[in-house]
Amino acid sequence: MGTEPPLLLDLRETRTEQRRGRVLSCIVQSLLEDRIRQSRRQVELFRDLSHLRTSYEDLHRSFSLLETFVGASGLDQRQLNRDLPPAVNVAPVRLLSAQPLLQRLPRQSSGICEVAVHLARPPEGEGHLRVALSSIEAGEVLATWEFEAAELSRGWVNLPMEIALGPDDMTLDLSLDWSGLHPLELDWCLRHPDPRYSLRSASATTGAADDRVLALRIWSYIPGCTVPVASDNWPTGRSGTWILPGEALAKGISLNTDDENTRYLEQFDMLQVHPIQGDFAAALLSGAIDPGIGQVSVNIGSLSDSAAAIDYAIAIAPTANRIAPVRSAKGILRRRGMPLKPALERLLSLPATRCSEWYRLNAQEKGRIDLLLAAPTTEPFDLYLITRMAEEAERPSFAWATFSAVTLRSDRG
Amino acid sequence: MRDTTAPTSPRVAVVIPVFRHSGLVAEAIESVLAQEAPFRILVTIVNDGCPYPETDEVGRAYARAYPDRVLYLRKPNGGLASARNFGIKTVMDRVPSVDAFYFLDADNRLRPRALARAMAVLDEDPGVDWVYPSIDMFGLASAWDYSGPYSLLQHSAINICEAGSLVRRNVFEDGVLFDQNFRLGWEDWDFFLSAADAGHRGRYLENFGFRYRKRPESMLMEADRESSRLKGQLALKHKDLFSPRCAVRLEAEETPRFAIYLPDRGNVLRCVDPVSPTARTVDLDQHLRQVWHAHTLPGCTPSPPFTIVMDSAVMDSLTAVGALHWVLWKMERQLRSEQIACLHIEQGAPGRISIKETTLASADWQVGNATVAAIAPKALTEVLVDENSYWIDSLLSAKPSPRVAHSGLQLPAEMVELRRGRGTAVVNLLRLVHSLRSSPYRAAAKQAWQWREIGTAMRNREYEIPRQAFNGHPVFPRLTEAGRNMGFLLPMAEFAGVERVAYNIAKAMRARGWSTHAILLDTNSIKVLPDWQNAFDSVNFLSDPDFRLGGAGAQDFLGTPISDWAVSGRHDTVLSMLYWLDCVLNFHGGAVAGTMGQLRRFGVRTVTSLHVHDLTHFGRPTGNTHVGLAYEHGFDFFAPCSETMATWLHGMGVPREKIVTVPNAPGFDLPVSDTRDRAAERRNRPTDLPLRVLFIGRLDRQKGIDRLDKLIQSARDRDMPIDWRVVGGSVMRDGSPTAQLRLAVPPEAPLSDPADLAAAYDWADVVVLLSRYEGLPLTVLEAMRAGAVVVATDVGAISEVVCDGHTGILIPDSDDISRALDALADLAGDRDRLGKMAGRAIDMARHRTWHAATQGLSDALDQT
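Residues numbered from 1 in each chain as written. Chains lettered and ligands numbered in written order. Predicted model: local features only at pLDDT ≥ 70, side-chain atom pairs only at ≥ 80, totals over all residues.

1. Some thoughts on the overall build of chain B
- Within chain B one finds 32 helices and 34 strands.
- Structurally, chain B occupies a C-alpha span of about 120 × 65 × 50 Å along its principal axes.
- The contacts of chain B with a sequence gap of at least 6 include a subset with a gap of at least 24, amounting to 75%. (Helix = DSSP H or I, 4+ residues; strand = E, 2+ residues; numbered from the N terminus. Contact = placed C-beta atoms within 7 Å.)

Structure (structure tokens):
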């Protein structure tokens, strides 16, 4: 083991009395050379380490700028990568108590940020479901989820991760382990001829063949990055970042009387809040901010190439302080007959309201408002998306001001 | 005895050769030190004379830091193979506890549980000798999967086993090491092929945890640039493995080419050779699942690429006739260009087997009436994924959309009694297709499942590997484990003369334990003799439109033209048809002599059976005897039918050791029950009856038919007491005046039945043969056996058996028939002399048997 022995020293031509001295001299010389060599190598390693650190810090800074850019560009969306919907008119898979099943995921691990399985019906009685995601190559459990029976209902059971899996591609197994009096019934999507890809028993000894594949959904995001999650998928109490889905933006209500121009633009996934001459324009997203939120960010910009400059702002306020819209003759919730500016300024001045500065953008300019809260919200808040013409006298023709990618961040637990 | 009991003894040694990778080797070492395994692992760093001091420093540092886990070795530079071998040998000598070696290049890495998982595979299955990995490349990122059972055949075509494999110690104990001659690369490919040659086998471990650093420029890239040279080096070293015969054997064992669906049995025969023990029957459900498995995850599982449908009774009939392998080969050839192949088996004329082919349907050959149907691999794939089935369903319409090849096989009723009625093969093919399309596994094929790329790119295309030896031509599906196989190359088969010799040699060799196969080179229709199945195990038609039996070419040899086909024709069809035989006997096969040298390289022993010189118009010897000389190097043996021919061959420079005379014997056997004393019977014949003179043979100029005619007329002019019979027909249409000759005695139809032939000879007192040239005619020997006195021209080797005035009468080769006339007059007038000559002829011919004739050839073949 270890290294080979040192080279032999030929002492045949050395006098006996000189041999000891020669051996010692040789050892000293050898050790000295070795020390010098080691010192040089150590210095080289210090130098290499310092270069690597500098490079690492630059990379970190660049990544931070990239994050901002991606966020500002509205690119930070997770992707539904695989959708294997439930087969119809088939008997579900019965997950028996204490007989866990394994399902291999049909794609590589890189970037996976959420998986969903489909429950055929709510569980009967009490029970507990433990789901784990493991890599076969590394033999590591990468994520686990636990559900009580009461938390489970028919349909997709989402299994999100705070951070998308890293770029090191591996093969993943999803294991489902149920404890309950009655079996948990799961939907499956198709039959597979290769047993590696169909359901199998987690126990090697009771590995009965089953050629069915669980109904699955798999989402992916930038590998190794914190995932923006649609809030309706986010389990209560979780920390992280997520983006309000389009359906939430579509529920935005104009607070201006008879304003036909504030509406959700589905093709762009944006909420247009059209400025009003001489007044503020605002849309209300009721209760959009859950407790625990520490930062709200919104992309802003006009869809017009020729509009005059527009000011944008956002604000959050407790739902109890909501500017109450009234129902107009057309059946849409509106405030009737009054300019919005006084009511909104009153709201913005309340101590519990948090609002951003005004951000001024010319046509063709895009921007982002980040509203950092001094302390996380402790109760549900409304979100107000506000615009005005930069010059009060300016006509808002072709203004087409929009808000999008409303991103909420909670503090890590 | 190795001491493996010490608790701290390592079970696995990881050998890391280092040469100019001093900056990266620490990653490799760290990844091994970080292994999570229930056994100890020894890191063996081999500094392969690396010129960078850093390599030494890193090696020493790790060895000092982990003296119990790291062994650091230095050696002069010798290349990757040399470095690995150094590490292996050192560990084998010093660390007896090591059960397995893993080879990690200095710039690669392992995931923490890789070796534990791989060792578990070795521990589970003692039949596995190495575990090879999936390869996850970083740098130039990609990932490769080699799922499915290990295939040595695939491994001969592409390197499916990365060096980063865990190899059992016994492989090295068997003397298998890395070949240091592969300095440009592929030493790992060679290593595993050598291990396989020694009987070891590997197993794939999916998700192994092996990480390969891929750079645009690497040793592997250099090896790829030298690929043709290295492939040649591999093929030379592993000659047997790269032979088509071995390739087909492996194909049969590992990945059958044909799925023969037998609807009446409800199962599928998966095979290359359907009568080989390697053929396996699976039920239909299993077949459907495997087909979809192969389509869903290409590369992961073997599934026969060619689907063929026939009833089991049809397959039994084809087997009985000996045409099953040929039918499979024929259909595979058709499916190179067509999408569907249909074979129509019909009841043909008595005593004949015939084939026909076309791509056009006819009134007789409707797709729906086919007896056997086959679908091409690509067409089946397209049909399975097609959104609807209109295209394939149109097969039963008047104008099918798929391209269809038709061929016909007509079999005589005495060989096979065919069931009357329509064939149902195509209907059953469609049923199979619809069963596949309605399979519950079809949905899976529409999704992507495997994230790694397919490394086993040849899976289910293995049939292309043996084809590589034949420029992509389909390879005859026959395995040779069953015994010794001898092919008889026949231009045609009407079974007179040379062909009858072939027939008798076939029977004799078959009786000696050979399997015999008729290979018809230049005909689509053959005569089937009554005891055909005692002579040939199979019948096979070359059916190659490119083949030219003869014809002039740019070259001639000793004045005999060598055909262009022999010199530069496309030989692939012939070679792919014959490669599997242990021996071929060429019976005047003309240009096929041009393939003999190539067949020898495939391990086929080649024999040319020579009988007679043809004569040019001016009487100069030419023909197959001279073609044989031209290709002397291509033949292992020359088998002349007479000593006269043997002497000529030796005189022309053929080594004596290559000449094995197979002297002709009577062309048909007398029934075993026929124990008559023919000499006594002849002595007791009345002496006052006219002399009975028989001619039997081809009615052509060579046989001197014009001389015979003159003889008959002269005898009649002299009122000689002779009863004449002329039996035979013209086979060669030589266009000469003799072919048009109207004989004075109307000829009787040729005889082939042994009883009829025996009766004809028994009838005759004299058999007359006035040939211009001959070898050693069977007629002469048959006549002598029967006691008919032969009166023949002294040509060829007739004098070897006919002793003039003793066992017969020889007359000079001349158009002057007076000597023949005198001989007949003499015999007619002296019956006592006739009887004595008959008795001596019978005695002489008694010893002429085919068993005795083939003894020398059999001995010669047994010795090579």
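2. Examining the overall build of chain A
- In terms of helices and strands, chain A carries three helices and 27 strands.
- Expressed as a percentage of its 413 residues, the buried residues of chain A come to 36%.
- Residue pairs in contact within chain A that sit at least 24 positions apart in sequence constitute 79% of those at least 6 positions apart. (Buried ≥ 20, exposed ≤ 12 C-beta atoms within 10 Å, placed from the backbone.)

3. Quick notes on the domain arrangement of chain B
Residue and element names in this part refer to chain B.
- Its domain assignment divides chain B into domain 1 (10-242), domain 2 (247-465), domain 3 (484-658) and domain 4 (678-848).
- Of note, the centres of domain 1 and domain 2, computed from C-alpha atoms alone, are 42 Å apart.
- At the junction of the two partners, domain 1 supplies 16 residues and domain 2 supplies 21 residues.
- Residue assignment for the side of domain 1 that touches domain 2 shows that the elements contributing at least two residues are strand E7 (142-145) and helix H5 (152-157).
- For the side of domain 1 that touches domain 2, the residue count by class is eight nonpolar, seven polar and one charged. (Domains from an automatic or database assignment. Nonpolar A, V, L, I, M, F, W, Y, C, P; charged D, E, K, R; others polar.)

4. Things to note about helix H1 (residues 25-33) of chain B
Residue and element names in this part refer to chain B.
- Burial in H1 covers these residues: Val25, Ala28, Ile29, Ser31 and Val32. Around the axis of H1, the buried residues are gathered within 160 degrees of arc, so they sit on the same side.
- Tucked inside the fold, the buried residues of H1 contact strand E1 (10-18), strand E2 (40-48), helix H2 (53-65) and strand E5 (109-110). (Arc of directions from axis to C-beta.)

5. Regarding the sheet that holds strand E17 (residues 404-412) of chain B
All names here are of chain B.
- Taking strand neighbours across the sheet as the criterion, the nine strands line up as E12-E11-E10-E13-E16-E14-E17-E15-E21 in an open arrangement whose pairing is mixed. Both edges of this open sheet fall to strand E12 (280-283) and strand E21 (525-527), since each of them pairs with a single strand only. Between one strand and the next, the sheet's axes are offset by a mean angle of 20 degrees, whatever the strand orientation.
- Pairing geometry for strand E15 (residues 352-358) and E17, over five bridges, is antiparallel. From the neighbouring strand, Lys356 faces E17, where its bridge partner is Gly408.
- Packed on one face of the sheet, helix H16 (residues 425-437) meets strand E10 (258-262), strand E13 (306-309), strand E14 (340-348) and strand E16 (372-375) and runs near 40 degrees to E16. (Pairing = 2+ DSSP bridges. Axes fitted to C-alpha atoms, helices over the stretch in contact; angles between N-to-C directions.)

6. Concerning unusual backbone geometry
- For Asp269 of chain A, which is not glycine, the phi dihedral falls at a positive 55 degrees.
- Notably, His588 of chain B is not glycine yet its phi reads approximately 55 degrees, a positive angle.
- Relative to the elements of secondary structure, His588 of chain B occurs in the loop between strand E25 (583-587) and helix H22 (596-601).

7. Description of the pairing of strand E26 (residues 381-389) of chain A
Residues and elements named next belong to chain A.
- In terms of residue burial, E26 counts as a mostly covered element, since nine of its nine residues are buried.
- On E26, burial covers both faces: Phe381, Leu383, Leu385, Thr387 and Met389 on one face and Asp382, Tyr384, Ile386 and Arg388 on the other are all buried.
- The sheet contact formed by strand E18 (residues 281-289) and E26 spans six bridges and is antiparallel. Residue Leu284 lies in a different strand from E26, and its bridge partner there is Tyr384.

8. Regarding the sheet that holds strand E32 (residues 766-769) of chain B
Residues and elements named next belong to chain B.
- The strand order across the open sheet formed by five strands is E31-E30-E32-E33-E34, and the pairing between neighbours is parallel. Lying at the two open borders of the sheet, with one neighbouring strand each, are strand E31 (722-727) and strand E34 (808-811). Strand-to-strand twist of the sheet, defined as the mean angle between neighbouring strand axes without regard to direction, takes the value 20 degrees.
- With two bridges connecting them, strand E30 (residues 691-696) and E32 associate as parallel partners. Bridge pairing in E32 links Val693 to Val766.

9. Quick word on the nonpolar core
- In this structure, Ile16, Ile260, Ile308, Val766, Val768, Val790 and Val791 of chain B are the most contacted members of the largest nonpolar core, which totals 266 residues.
- In terms of residues, this core owes the most to one element, helix H18 (residues 497-511) of chain B, which gives eight residues.
- Ignoring sequence-local partners within four residues, the contact set of Ile260 of chain B consists of Val268, Leu269, Cys271, Pro274, Ile308, Met310 and Met315 of chain B.
- One finds Leu101, Ile112, Tyr197 and Leu216 of chain A within the second-largest nonpolar core, a separate group that totals 49 residues. (Core = buried A, V, L, I, M, F, W, Y, C linked by C-beta atoms within 7 Å.)

10. Quick look at the pairing of strand E20 (residues 514-520) of chain B
Residue and element names in this part refer to chain B.
- Of all the seven residues making up E20, seven are buried; the element is thus mostly covered by neighbouring parts of the structure.
- Side chains of E20 alternate between two faces, with Trp514, Thr516, Ala518 and Leu520 and Ser515, His517 and Ile519 buried alike.
- Pairing analysis gives seven bridges linking strand E19 (residues 484-490) to E20, with the strands arranged parallel. In the strand pairing of E20, Met486 is matched with Thr516.
- Handedness of the crossover joining E19 and E20 through H18 is recorded here as right-handed. (Right-handed = clockwise from strand over helix to strand, strands pointing away.)

11. Digging into the interface of chain A and chain B
- Tallying the contact residues gives 21 residues for chain A and 31 residues for chain B.
- Elements represented by at least two residues in the side of chain A that touches chain B include exactly helix H1 (16-72), strand E3 (101-108) and strand E10 (188-191) of chain A.
- Per-class residue counts for the side of chain A that touches chain B are seven nonpolar, six polar and eight charged.

12. As for the confidence of the model for chain A
- Mean pLDDT over chain A stands at 86; residues scoring 70 or higher make up 88%.
- Ignoring residues within four places in sequence, the model shows residues 327-336 of chain A, a span with pLDDT below 50, making 19 contacts including any to other chains. (pLDDT = per-residue confidence, 0-100.)

13. Points about the packing of helix H28 (residues 778-786) of chain B against helix H30 (residues 831-846) of chain B
All names here are of chain B.
- Put simply, H28 and H30 touch, their axes get as near as 6 Å, and they point 120 degrees apart. The chirality of how H28 crosses H30 is left-handed. Across the interface between the two elements, Leu781, Met784 and Arg785 of H28 pack against Ala841, Ile842, Met844 and Ala845 of H30. (Left-handed = near helix turned anticlockwise from the far one by under 90°.)

14. What to know about the environment of Ser153 of chain A
Residue and element names in this part refer to chain A.
- Topologically, Ser153 is positioned in the loop between strand E6 (140-148) and strand E7 (155-160).
- Each C-alpha atom, one on Ser153 and one on Pro122, is 4.5 Å from the other, the two residues being 31 residues apart in sequence.
- Beyond its immediate chain neighbours, meaning those up to four positions away, Ser153 contacts Leu119 and Pro122.

15. Structural notes on the environment of Asn664 of chain B
Residue and element names in this part refer to chain B.
- Following the sequence through the fold, Asn664 ends up in the loop between helix H24 (643-651) and helix H25 (678-683).
- The exposure class of Asn664 is buried, given the 27 C-beta atoms found within 10 Å.
- With 73 residues separating them in the primary sequence, Asn664 and Ala591 have C-alpha atoms 24 Å apart.
- With sequence-adjacent residues up to four places away left out, Asn664 is seen in contact with Val501, Cys641, Leu776, Leu778, Leu781 and Ala853.

16. Looking at the packing of helix H27 (residues 754-763) of chain B against H28 of chain B
Residue and element names in this part refer to chain B.
- Look at H27 against H28: their axes get within 9 Å of each other, and the N-to-C directions meet at 65 degrees. Our classification of the angle between H27 and H28 gives roughly perpendicular. Crossing handedness for the pair H27 and H28: right-handed. Residues Leu757, Ala758, Tyr761 and Asp762 of H27 touch H28, and the partners they reach there are Glu782, Ala783 and Ala786. (Parallel < 35°, antiparallel > 145°, perpendicular 65-115°, else oblique.)

17. Some points on the confidence of the model for chain B
All names here are of chain B.
- On average, chain B scores 91 in pLDDT, and the residues at 70 or more come to 96%.
- In the model, residues 1-7 has pLDDT below 50 throughout and makes eight contacts with residues more than four positions away in sequence or in other chains.
- At the level of chain-chain contacts, confidence expressed as ipTM amounts to 0.83, with global pTM at 0.82.

18. Things to note about the environment of Pro380 of chain A
Residue and element names in this part refer to chain A.
- Within the secondary structure, Pro380 is located in the loop between strand E25 (366-372) and E26.
- Distance in space between the C-alpha atoms of Pro380 and Gly139 is 42 Å, their sequence separation being 241 residues.
- Not counting chain neighbours up to four residues away, the residues in contact with Pro380 comprise Gly287, Ile289, Asp290, Pro291 and Thr319.

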